[in-house]
Protein chains: 4
Amino acid sequence: MIIQLQQGVPADVKENIFEAVKGIGYKANEVKTQAGHYLVAIGKKDFDIRSIGQLPGVADIYRVSDEYKLISRKWRVEPTLIDLGDGVVIGEGNFSIMAGPCSIENERQIELVVEHLKVNNVKIMRGGVFKPRSSPYAFRGLGIDGLKMFHQICSANGIKIITEVMQVSQIEEMIDYVDVFQVGARNSQNFNLLDSLGEAQKPVLLKRGISGTIEELLQAAEYIFSNGNEKIMLCERGIRGYEKAYRNILDLNAVPVLKEKTHLPVIVDPSHGIGLRDYVEPMSLAAVMAGADGVIYETHQKPEEAFSDGQQTVNFQESERLIKRMRKAFELRENF
Amino acid sequence: MIIQLQQGVPADVKENIFEAVKGIGYKANEVKTQAGHYLVAIGKKDFDIRSIGQLPGVADIYRVSDEYKLISRKWRVEPTLIDLGDGVVIGEGNFSIMAGPCSIENERQIELVVEHLKVNNVKIMRGGVFKPRSSPYAFRGLGIDGLKMFHQICSANGIKIITEVMQVSQIEEMIDYVDVFQVGARNSQNFNLLDSLGEAQKPVLLKRGISGTIEELLQAAEYIFSNGNEKIMLCERGIRGYEKAYRNILDLNAVPVLKEKTHLPVIVDPSHGIGLRDYVEPMSLAAVMAGADGVIYETHQKPEEAFSDGQQTVNFQESERLIKRMRKAFELRENF
Amino acid sequence: MIIQLQQGVPADVKENIFEAVKGIGYKANEVKTQAGHYLVAIGKKDFDIRSIGQLPGVADIYRVSDEYKLISRKWRVEPTLIDLGDGVVIGEGNFSIMAGPCSIENERQIELVVEHLKVNNVKIMRGGVFKPRSSPYAFRGLGIDGLKMFHQICSANGIKIITEVMQVSQIEEMIDYVDVFQVGARNSQNFNLLDSLGEAQKPVLLKRGISGTIEELLQAAEYIFSNGNEKIMLCERGIRGYEKAYRNILDLNAVPVLKEKTHLPVIVDPSHGIGLRDYVEPMSLAAVMAGADGVIYETHQKPEEAFSDGQQTVNFQESERLIKRMRKAFELRENF
Amino acid sequence: MIIQLQQGVPADVKENIFEAVKGIGYKANEVKTQAGHYLVAIGKKDFDIRSIGQLPGVADIYRVSDEYKLISRKWRVEPTLIDLGDGVVIGEGNFSIMAGPCSIENERQIELVVEHLKVNNVKIMRGGVFKPRSSPYAFRGLGIDGLKMFHQICSANGIKIITEVMQVSQIEEMIDYVDVFQVGARNSQNFNLLDSLGEAQKPVLLKRGISGTIEELLQAAEYIFSNGNEKIMLCERGIRGYEKAYRNILDLNAVPVLKEKTHLPVIVDPSHGIGLRDYVEPMSLAAVMAGADGVIYETHQKPEEAFSDGQQTVNFQESERLIKRMRKAFELRENF
């Protein structure tokens, strides 16, 4: 059950509501976000919802039977829009393109990608500076200095940054240089990281786990929201399967299902989803038609020389064609 | 290695080629289809391909390193087109819609579906008369009498029929009443059935196994082709996975990958692929954008009363909207 | 609901029971096996079970809520024992070893394996004569002539034969030469084959599908039983998964779960279950401890020269050690 | 390539080796653990290994082609033994039993479990105080105060503690109160946590990811070792699959495969591996026979009242029987 509190509710009024919730045997979790003030009440007993709904300080009250609550579309029907500033808004009705290399490599590379994005009117650049790698001996990214360089070039060009955060202690050092924190598949149930990102208030793109369920993804988002941050987008990036013809199984079923279950934006990552450069375009277009609110993919000036993920990275020419086609597909979808 | 023989090659000339192939230590499989005459030579030794290529009776010769040969696009670049007659052609450049109920139930139902298809200019109706069911006590379909009724109504209305065949002994009794034999997911490696369908010459839609690999699907198609039948289309229908939010994982990655590996048409079944009626439309549209040559889906006048699969069956109103949108998406794709 | 009929129930008495079952809105399936005569009544309405139970001709009546009925342990608590003759009995309390090559290759090979089995007091030899192969160009087995040779040597030496049947039409030609029909993973939902094996009365070893569920395996067994054959054993042989370090995932969880759900014997195939010769022994021993009633594995006089599956086949020395250890492990288990 | 340095190698001698490694185009990673001092050299070029091997300060040199190096059995043949003190040693030749509740609940519970373990001569107790939970609203454990209480009771009774650590910042506060840090399945690729546990020197039990590969598990262990900690054990705890009859698929194939690939001890968690109390015993015994060096399972004085995981937790009576049987099975295995 979600109890939406009135803005600026006095402490004693709030306390009174807490007591009432406890009185019916429910556990109350207070949630204060950028946008609202809620009590999430967890329990199983049946009771007359009006006994709480009529209390002073209660703006509204909803029953939500899902395990996740605040991110449920049963509660909030209107879609969440995430404003990155400068007119860059992510969410239903928009189509957000996020492109860039797997890893940030050097200044020249960033400049080339930024130029490519600007020419094509793309507003968000992806690029990793902290890289999760299976082997401890592999390249782990340029780190915080790479991020500062990344930020300097992008901010000078009006480009927003999305980049992966891997642990709680990185949030503080990164926060001034990123526009969206990405949580990778391997950290999709790193609950301490999710808690801290909830407190951090910056927008978060949360990737589905390597074999994460829809339910787990939604509950992971609930961690962030319930810690105070409503600015969450979900990302389908392929799940692990038995098939050896491609890297992962891009599970586009997830797109319409997530769109129905939650008010959060849904983004698709076709690069990891299929893992083969030649097929990034058809899978991106399929994602648009499945209902995605955006696509995040890997591009590089010379994919064959990329530090990582070259085999799934498109070059700028392919990227340009992809951008144009995705926009046409989105236009068709919006005008159905 | 595929050795394409000249049409009407005399027996002794052919025998001579066979001997030459054996002479280099290869095993030769003779394949005679509706459209051509081939030797598929299997072996590992290296040799000068011209020694065979220059023999009398050899029209052309190709090395194909894939495990499957005759269906490989490395050999035959131009796409296979399957002509069902009356201007109904399946394959690249066309977009084939196949719709109808899970099970054929009665005359009235067939008439209603046929009427719905005609209004929407859909030329192929699906409908099962032999139903594979997990439980021996479940409804197993109307059988051959149902098929005759199905055929009578469809042929009177210019509608082609696709229906599932489950065993070798059914081929002969069904063959005059079907336009396309469907091989279901459970029979995707029923090799005797594939052999016999190769001999039967009717077009075949071959579904991917419940957790079949791309390689297995292609090799299953090779069974049919190498027994004499080139009229094969492949169907992605969802694979089994851990996710409980939907019935199967519609693996659209398979579409562009199959399109590159084989010259055969690729069809998508979104109804089984996601298993939930509300999401059939977005997944169908995604399939179009991924590059599918057609879609096969379930529709019924009253899905909630269908004998089987009602939860994944759209009604006629939904079906009509879906048809229109798929055609628009296909038009966009063809004009990119 | 299972209604056990009295032996030799007169036609009119039986008819009367049928009518009563229909009268309460249930569908009645008559099942007559080697051992009993039953009506399986399928329906959902609630009714007083005594109204049927007290009818003349009814020996006993049971409610079984599982989807499968006759193979359920909820109905029949005592384990099924399958007697192959000459004192060879499969089922709880026994531990059955079935060993032999993947494919029957020639007379000499059969003789060597038979000799190895006799020395180690193993009574059942496995060996394929009809081989399901992914590629149409691969070796498909020696066929019926190979089976006759196989049978001649084994019967002369008191060894029972288990071999795979792939299609309905093979049953009749094979039946006199086999002791147990094996249904392979790819045919685990070939329902026509299961129906026919139900009528055929010979013992059947039914393998779990490549990614078959426990429920599907049990329902497939119900097909056989409900067509008249109680002599069924189930076989866990590994399921398909994402792991590349071995061929399949041997799912030993299935063993205790199946043992609880059904009265049928449960056999494990470690050779396909892990697919690597070196690990066949530990997985076989694990299978014994998990509660298996037997193990079926591949052995060959020279695994590296086997026509098929050599990489997962143990040699006779390894086989002998394995047999001794499995028997010790079984003895320990029985004496816990 | 692993270069084992002589103990107490002087800085300049070491520097010289570094230079030589760089000189052949390899990247050198220095690793200093409790037990040794190594350079792990990563590169692809071919060179004469003796050119490095003969340098002053080099004790030994090994080529290891695996992606993981220091944990490979190709390099170190003798098994790793982990000594927890007081005669409690984990690793080949021993059989370690670790038992206790999913969550530490209160003093009384700890005392009851400790008493149960002492009676049965079990030396290691498991119990979570920081609990990873899918939902943010679920019980997350008693935290550090719970751990202190847990430690007080166990240390007074000679029982060692294994408990889960979820994030870097917990290591320091926990380290004095634990004997083995457990890394849960969700954190199996939390590389920062692995790095820090490498530095922390305490023994670590590393669980396989929810759908982790053998290769990923081994590389995760390499993270810990290469950061300075050799005291690592690996844990198979079931992988995610499509089967709904049990919680996970206990992949016992992993046991013999891991035992061959690495010198680290391999532990099995049957409680999570099958997720159903009744089957914990057969799966534990199967694990012993598959070659496990130990088993970790959940037990509670009243499983039906446990705060979490009650459905997969055995009571003390079942636990006692299990302990006895595992020891007998281990004895049989050791005496084969």
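Bear in mind that the values here come from a model prediction, so they are computed numbers and not experimental data.

Q: Is there a simple way to explain the UniProt feature "domain: DAHP synthetase I/KDSA" (unreviewed entry) in chain A in this structure?
A: Here, UniProt's "domain: DAHP synthetase I/KDSA" (unreviewed entry) annotation points to residues 82–330 of chain A. With 39% helix and 15% strand, residues 82–330 of chain A has end C-alpha atoms that lie 19 Å from one another.

Q: Is there a simple way to think about the relation of the copies chain A and chain B in this case?
A: Mapping between the two chain copies consists of a rotation about an axis together with a translation along that axis. In the superposition of chain A on chain B (RMSD 0.0 Å, axial shift 0.0 Å), the rotation amounts to 180°. Those values place the two copies in the arrangement expected of a two-fold rotation axis. Scanning chain A for the C-alpha nearest the rotation axis identifies A:Ala286, at a separation of 2.0 Å.

Q: How do you make sense of the relation of the copies chain A and chain D when you look at a structure like this?
A: It takes a turn of 180° to lay chain A on chain D, together with a shift of 0.0 Å along the axis; the resulting RMSD is 0.0 Å. When the interface residues of chain A are mapped onto chain D, 100% of them again lie at the interface, so the same face is used by both copies.

Q: Explain the interface of chain A and chain B here, please?
A: Interface extent is often summarised as the accessible area lost during association of the parts. Facing 35 residues of chain A, the contacting portion of chain B comprises 35 residues. Taken together, the two surfaces of chain A and chain B that pack against each other cover about 3,100 Å², and 65% of this comes from carbon and sulfur. Among the residues chain A hides against chain B, the three largest losses belong to A:Tyr242, A:Asn253 and A:Phe336. Together they make up 23% of the total. Inspection of the region where chain A meets chain B yields two salt bridges. Where A:Glu243 meets B:Arg208, a salt bridge forms, and the shortest distance between an N and an O atom there is 3.0 Å. Of all the secondary-structure elements, those providing two or more residues to the side of chain A that touches chain B are α8 (254–261), α9 (270–274), α10 (280–290) and α11 (316–334) of chain A. Sort the elements by how many residues they give to the side of chain A that touches chain B and α10(A) lands first, with six residues. Counted by class, the side of chain A that touches chain B contains 22 nonpolar, six polar and seven charged residues.

Q: Any chance you could explain the interface of chain A and chain D here in plain terms?
A: Each side of the interface is counted separately: chain A has 35 residues, and chain D has 35 residues. Taken together, both faces of the contact between chain A and chain D bury some 2,900 Å²; the carbon and sulfur share is 44%. For the chain A face of the interface with chain D, the top three residues by lost area are A:Tyr137, A:Asn192 and A:Arg240, together amounting to 24%. One salt bridge in this structure joins D:Asp195 and A:Arg140, with 2.7 Å as the shortest N-O distance. Here chain A is connected to chain D by 19 residue pairs in polar contact (both at pLDDT 80 or more). Those elements giving two or more residues to the side of chain A that touches chain D turn out to be β2 (27–32), β3 (37–42), α5 (168–174), α6 (191–200) and α7 (214–226) of chain A. A per-element tally of the side of chain A that touches chain D places α7(A) first, with five residues. Of the residues that constitute the side of chain A that touches chain D, the class distribution is 11 nonpolar, 14 polar and 10 charged.

Definitions and limits used
Residues numbered from 1 in each chain as written. Chains lettered and ligands numbered in written order. Predicted model: local features only at pLDDT ≥ 70, side-chain atom pairs only at ≥ 80, totals over all residues. Heavy atoms only, no water. UniProt positions renumbered as here; feature names shortened; annotations may be inferred. Helix = DSSP H or I, 4+ residues; strand = E, 2+ residues; numbered from the N terminus. Least-squares fit on C-alpha atoms with pLDDT ≥ 70 in both. Contact = heavy atoms within 4.5 Å. Buried area = accessible area lost by both parts, 1.4 Å probe. Salt bridge = Lys/Arg side-chain N within 4 Å of Asp/Glu carboxyl O. Nonpolar A, V, L, I, M, F, W, Y, C, P; charged D, E, K, R; others polar. Polar contact = N/O pair within 3.5 Å; in protein donor to acceptor, adjacent residues only side chain to side chain.

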